[in-house]
Amino acid sequence: MKKQKYLILILFLLFSGLVFARPILVAHRGANQEADENTIKAYQLAIDYRVDYIECDPRLTRDGVFIIMHDPKVDRTTNGTGRVADMTLKQIQRLRTKNGERVPTLKQVLEWAKKNQAGVYLDTKEPTISALEKMVQLVKKTGMEKQVIFGLWHLNQLKWLESHYPELVSCISYPWPPASLKRLKKLGADWVGTLTSLATRTMLNRAHRLGLKVITMPINDPEVMKKKLQAGLDALQTDDPKIFYQINLLK
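Rules of the game
- Residues numbered from 1 in each chain as written.
- Predicted model: local features only at pLDDT ≥ 70, side-chain atom pairs only at ≥ 80, totals over all residues.
- Heavy atoms only, no water.
- Helix = DSSP H or I, 4+ residues; strand = E, 2+ residues; numbered from the N terminus.
- Rg over C-alpha atoms; globule rule 2.2 N^0.38 Å.
- Contact = heavy atoms within 4.5 Å.
- Areas by Shrake-Rupley, 256 points an atom, 1.4 Å probe, with all protein chains shown as cover.
- Lys, Arg positive; Asp, Glu negative; His and termini not counted.
- Charge placed at Lys NZ, Arg CZ, Asp CG, Glu CD.
- Phe/Tyr/Trp six-rings, centres within 6.5 Å; stacked < 30°, edge-to-face > 60°.
- Buried < 20%, exposed > 50% of the residue type's maximum accessible area, 1.4 Å probe, protein only.
- Patch = residues over 30% accessible without salt bridge, like charges linked within 9 Å, V, L, I, M, F, W, Y side chains within 5 Å.
- Salt bridge = Lys/Arg side-chain N within 4 Å of Asp/Glu carboxyl O.
- Right-handed = clockwise from strand over helix to strand, strands pointing away.
- Pairing = 2+ DSSP bridges.
- Axes fitted to C-alpha atoms, helices over the stretch in contact; angles between N-to-C directions.
- Parallel < 35°, antiparallel > 145°, perpendicular 65-115°, else oblique.
- Left-handed = near helix turned anticlockwise from the far one by under 90°.
- Nonpolar A, V, L, I, M, F, W, Y, C, P; charged D, E, K, R; others polar.
- Arc of directions from axis to C-beta.

### Here we look at the overall build of the protein chain
Piece 1. Counting secondary structure elements, the protein chain contains 10 helices and 10 strands.
Piece 2. Here the protein chain has a C-alpha radius of gyration of 19 Å; the compact-globule value for 251 residues is 18 Å, and the two agree.
Piece 3. Dimensions of the protein chain, computed from C-alpha atoms along their principal axes, come out at roughly 70 × 40 × 30 Å.
Piece 4. Within the protein chain, contacts between residues at least 6 apart in sequence are counted, and of these 54% link residues at least 24 apart.
Piece 5. Carbon and sulfur atoms make up 54% of the accessible area of the protein chain, which amounts to about 12800 Å² in all.
Piece 6. The averaged location of the 25 negative side-chain charges in the protein chain is 6 Å from the averaged location of its 39 positive side-chain charges.

### Regarding the packing of aromatic side chains
Piece 1. In this structure the tally under the stated criterion is three aromatic pairs.
Piece 2. Ring centres of Tyr-49 and Tyr-245 lie 5.9 Å apart, and the angle between their planes is 65°; this geometry places the pair in the edge-to-face category. With Tyr-49 in the loop between α2 (40–48) and β2 (53–56) and Tyr-245 in helix α10 (residues 242–246), this pair connects stretches of sequence that are 196 residues apart.
Piece 3. When the centroid spacing of 5.8 Å and the interplanar angle of 55° are considered together, the rings of Trp-160 and Tyr-165 count as tilted. For the pair Trp-160 and Tyr-165, one class covers both residues: buried.

### Thoughts on a nonpolar patch on the surface
Piece 1. Side chains of Trp-176, Leu-195, Leu-198 and Met-217 sit close together on the surface and give an oily, nonpolar patch of about 380 Å² of accessible area.
Piece 2. If you trace the backbone, Trp-176 turns up in the loop between β7 (169–173) and α7 (181–186).

### Topic: the pattern of salt bridges
Piece 1. Evaluated as defined, the whole model comprises 11 salt bridges.
Piece 2. Note that Glu-111 is salt-bridged to Lys-107, the shortest N-O span being 2.6 Å. Residue Glu-111 and its partner Lys-107 are both found in helix α4 (residues 106–115); the two are separated by four residues, about one turn of the helix.
Piece 3. Relative accessible area serves as the criterion here: at 39%, Glu-111 is assigned to the partly exposed category.
Piece 4. You can call Lys-107 partly exposed: its relative accessible area is 37%.
Piece 5. For the salt bridge of Asp-240 with Lys-242, the shortest nitrogen-to-oxygen distance reads 2.9 Å.
Piece 6. According to the relative accessible area criterion, Asp-240 is buried, its value standing at 16%.

### Digging into the pairing of β2
Piece 1. Where burial is concerned, the two faces of β2 agree: the one with Tyr-53 and Glu-55 and the one with Ile-54 and Cys-56 are both buried.
Piece 2. In terms of handedness, the path from strand β1 (residues 24–28) via α2 over to β2 forms a crossover that is right-handed.
Piece 3. Bridging between β2 and strand β5 (residues 119–123) involves four bridges; their strand directions are parallel. The residue bridging Ile-54 from the neighbouring strand is Val-120, located in β5.

### Observations regarding the packing of helix α5 (residues 129–141) against helix α6 (residues 155–164)
Piece 1. Between α5 and α6, the least distance of the axes is 10 Å, while the angle of their chain directions is 40°. By the angle class used here, α5 and α6 are oblique. Viewed along their axes, α5 and α6 form a crossing whose handedness is right-handed. Residues Ile-129, Leu-132, Glu-133 and Val-136 of α5 touch α6, and the partners they reach there are Asn-156, Gln-157, Trp-160 and Leu-161.
Piece 2. Its residues assigned to classes, the contact of α5 with α6 shows five nonpolar, two polar and one charged.

### Focus on the side chain of Thr-88
Piece 1. Mapped onto the elements, Thr-88 comes out in the loop between β4 (66–68) and α3 (89–94).
Piece 2. Since its relative accessible area comes to 15%, Thr-88 is described here as buried.

### Points about α2
Piece 1. Considered for burial, the residues of α2 that qualify are Ala-42, Tyr-43, Ala-46 and Ile-47. Across the axial projection of α2, the buried residues extend over an arc of 135°, all falling on one side.
Piece 2. Considering only its buried residues, α2 is in contact with β1, β2, β4 and α4.
Piece 3. One or two steps after α2, the chain reaches Arg-50, where phi turns positive at roughly 75°.

Set out below in structure tokens:
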């Protein structure tokens, strides 16, 4: 009888939003409030905070090497100027970020993550299938297939990935490109990524009924994090992993 009452109490707390499972924790471009974004230093700080995944932005250089850079140009984050697509790897390697860090290649990030048992969320910036295939081969070569999430923005990429590599974890933007959650699941998506404001309890419940996990854009407000977590958000992404301690997700 006592066990039954205890179970009822737990269910009540869960449904009232007072108790929630620990979400997946993601550091957006690493711990970028304490170190230059998308650098190994920022990723290491994030892992030191014990997040589950670091998020990064692979772009191709002129000579076909994936480096990590959010913007199409290097101007904002480094001491250089110009478009990544117009620069060679050697040119990128000469650059330094504002605090003197090197711009890493995707291969370096994957090898670092494997060594540190970290997950990597790849926010893909290249729209072509050939670029996605090149990225998949690099992930497989470094043995990171089970530790990577492919963040996609194009339905044709989702279709290709699920057709050729259904074992890999895919996350597609929602609701842009225009598609219902049901269709995205039918196409093989494992996750959907959406705006924070759109991740309502109703939307999250619909996604969960279909077997989809949900992540939003970075959240840097502890109170918003709590509300979204109580609504059922699966993954919390932030620029400042220290916030996870503030809301008692990490100790």
